[in-house]
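The primary structure of each chain is shown beneath.
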Amino acid sequence: MRYAGLTDEPARRNREHGNLRDFRVMQQFTCETAARQWKRRMTAQGYGEDIGGKGWKYGYTFSI
């Protein structure tokens, strides 16, 4: 399954998931509205929602 989420600390979020090899920061945001829109687009494309990240400055993806 593929997942997408938002965080202010991508390296920390990756560590929380066990340092996944395919963890990728896909986009950096300057406003929360754009970040939330990106996350909605990703879930509409079939990504699961990773809700554990804190913040919204970076959009990331990974698979398990």
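Residues numbered from 1 in each chain as written. Predicted model: local features only at pLDDT ≥ 70, side-chain atom pairs only at ≥ 80, totals over all residues. Heavy atoms only, no water.

*Asks:* What am I meant to see in the nonpolar core here?
*Replies:* Generally speaking, nonpolar side chains in soluble globular proteins are found buried as a group. In this structure, Ala 4, Leu 6, Phe 29, Ala 35, Trp 38, Met 42 and Tyr 47 together form the largest nonpolar core, which totals seven residues. Elements with a contribution of two residues or more to this core: strand S1 (2–7) and helix H2 (32–44). If you tally residues by element for this core, the top one is H2, at three residues. When neighbours within four sequence positions are excluded, Trp 38 is seen to be in contact with Ala 4, Gly 5, Leu 6, Met 26, Gln 27, Phe 29, Gly 59, Tyr 60 and Thr 61. (Core = buried A, V, L, I, M, F, W, Y, C linked by side-chain atoms within 4.5 Å. Buried < 20%, exposed > 50% of the residue type's maximum accessible area, 1.4 Å probe, protein only. Helix = DSSP H or I, 4+ residues; strand = E, 2+ residues; numbered from the N terminus. Contact = heavy atoms within 4.5 Å.)

*Asks:* Could you clarify how one ought to interpret the side chain of Thr 61 in this entry?
*Replies:* On the secondary structure map, Thr 61 appears in strand S4 (residues 58–63). For Thr 61, a relative accessible area of 8% gives the class buried. Look past the residues within four positions of Thr 61 in its chain and what remains in contact with it is Tyr 3, Ala 4, Asp 22, Phe 23, Arg 24, Met 26, Trp 38, Met 42 and Tyr 47.

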